[in-house]
Amino acid sequence: MTDIKLGEKHQGGEIFNLYQAFGEVLTAQSILQWDENYPGREFVKEAIDHNDLYVMLKGGNIIGAVILNEAETPEWEAVEWRDVIGKPLVLHGLCISPTHQGKGYGRKMIEWCEDYARQYGYTSVRLDTFDGNPVSNRLYLHSDFQLRGYVEFTHRPKDCQRYNCYEKWISI
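Presented here is a report on the structure given in the accompanying data block. Model, not experiment: these values are computed from the prediction. (Residues numbered from 1 in each chain as written. Predicted model: local features only at pLDDT ≥ 70, side-chain atom pairs only at ≥ 80, totals over all residues. Heavy atoms only, no water.)

**Focus on the overall build of the chain**
Helix and strand counts for the chain come out as four helices and seven strands. Taken from N to C terminus, the helices and strands of the chain fall in the order β-α-α-β-β-β-α-β-α-β-β. A compact globule built from 172 residues would reach a C-alpha radius of gyration of about 16 Å, and the chain, at 15 Å, matches this within 12%. Seen along its three principal axes, the alpha-carbon backbone of the chain occupies a region of about 40 × 40 × 30 Å. Looking at the 172 residues of the chain, the share that counts as buried comes to 48%. Long-range pairs, those at least 24 residues apart, make up 72% of the contacts in the chain with a sequence separation of at least 6. Taken as a whole, the chain presents about 9300 Å² of accessible surface, with 49% of it coming from carbon and sulfur. One finds the centroid of the 18 positive side-chain charges in the chain at a distance of 6 Å from the centroid of its 25 negative side-chain charges. (Helix = DSSP H or I, 4+ residues; strand = E, 2+ residues; numbered from the N terminus. Rg over C-alpha atoms; globule rule 2.2 N^0.38 Å. Buried < 20%, exposed > 50% of the residue type's maximum accessible area, 1.4 Å probe, protein only. Contact = heavy atoms within 4.5 Å. Areas by Shrake-Rupley, 256 points an atom, 1.4 Å probe, with all protein chains shown as cover. Lys, Arg positive; Asp, Glu negative; His and termini not counted. Charge placed at Lys NZ, Arg CZ, Asp CG, Glu CD.)

Next comes the structure, spelled out in structure tokens:
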């Protein structure tokens, strides 16, 4: 059984290590969407300090993490979002421990995020994910997210700049 709770300061190191392990798996697959800055130690610390970071626990161990807030990157202004008058929740940095991947935990985390959105009056969930990450793109499409467009993050390495933007309408 799993539980999802707000991440706590004393868990910061463990959460950072989870992101690092996940990033190493991505890098081994030549998916260079994360680097030493994102999601870095400061990123994790700030997300915990702002009460934005949630962890998935199984048997008391952290097996997943996600950041939820309303922060949209400026590049998203060019995306044709469906929810133009509502209140979107933004999902960042979803990851599942490499030893727990492929077992439905990513989908459970997304379902929990959707329930969170409903509970707190959000009208949609938005996110972006690297175009070159087929697993994450499939996960969001199979979770009924709609591809709304893409953005280019020019600060990323040349072959890792295109990110697909997804949105899911939440019925309250």
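So much for the structure itself; the text now carries on.
**Considerations on the pairing of strand E7 (residues 162-169)**
With six of eight residues buried, E7 lies mostly within the body of the structure. Across seven bridges, strand E5 (residues 124-130) lies against E7 in antiparallel orientation. Within E7, the position partnered with aspartate 128 by the bridge is cysteine 165. (Pairing = 2+ DSSP bridges.)

**Details of the side chain of serine 97**
Mapped onto the secondary structure, serine 97 falls in the loop between strand E4 (88-96) and helix H3 (105-119). By relative accessible area, which is 11% here, serine 97 ends up buried. With residues up to four places along the chain from it excluded, the contact list for serine 97 reads Leu18 and Ile63.

**A word on the packing of helix H1 (residues 12-28) against helix H2 (residues 41-49)**
At their nearest, the axes of H1 and H2 sit 10 Å apart, and the two run at 130 degrees to each other. By the angle between their axes, H1 is oblique relative to H2. Classified by chirality, the crossing of H2 by H1 is right-handed. Along its contact with H1, which presents Gly12, Ile15, Phe16 and Tyr19, the element H2 presents Arg41, Val44 and Ile48. Across the contact of H1 with H2, the residue classes tally to five nonpolar, one polar and one charged. (Axes fitted to C-alpha atoms, helices over the stretch in contact; angles between N-to-C directions. Parallel < 35°, antiparallel > 145°, perpendicular 65-115°, else oblique. Left-handed = near helix turned anticlockwise from the far one by under 90°. Nonpolar A, V, L, I, M, F, W, Y, C, P; charged D, E, K, R; others polar.)

**Points about the packing of H3 against helix H4 (residues 134-142)**
Where H3 meets H4, the closest approach of the two axes is 10 Å, and the angle between their N-to-C directions is 50 degrees. Our classification of the angle between H3 and H4 gives oblique. H4 is crossed by H3, and the crossing has right-handed handedness. Side by side, H3 and H4 meet where Gly106, Arg107 and Ile110 of the first sit next to Leu139, Tyr140 and His142 of the second. Its residues placed into classes, the contact of H3 with H4 shows three nonpolar, two polar and one charged.

**A look at the pairing of E5**
Where burial is concerned, most of E5 is hidden: six out of the seven residues are buried. Judged from the three bridges that link them, E4 and E5 form a sheet pairing that is parallel. Paired with valine 90 across the two strands is arginine 126, which belongs to E5. Crossover handedness for the path E4 to H3 to E5: right-handed. (Right-handed = clockwise from strand over helix to strand, strands pointing away.)

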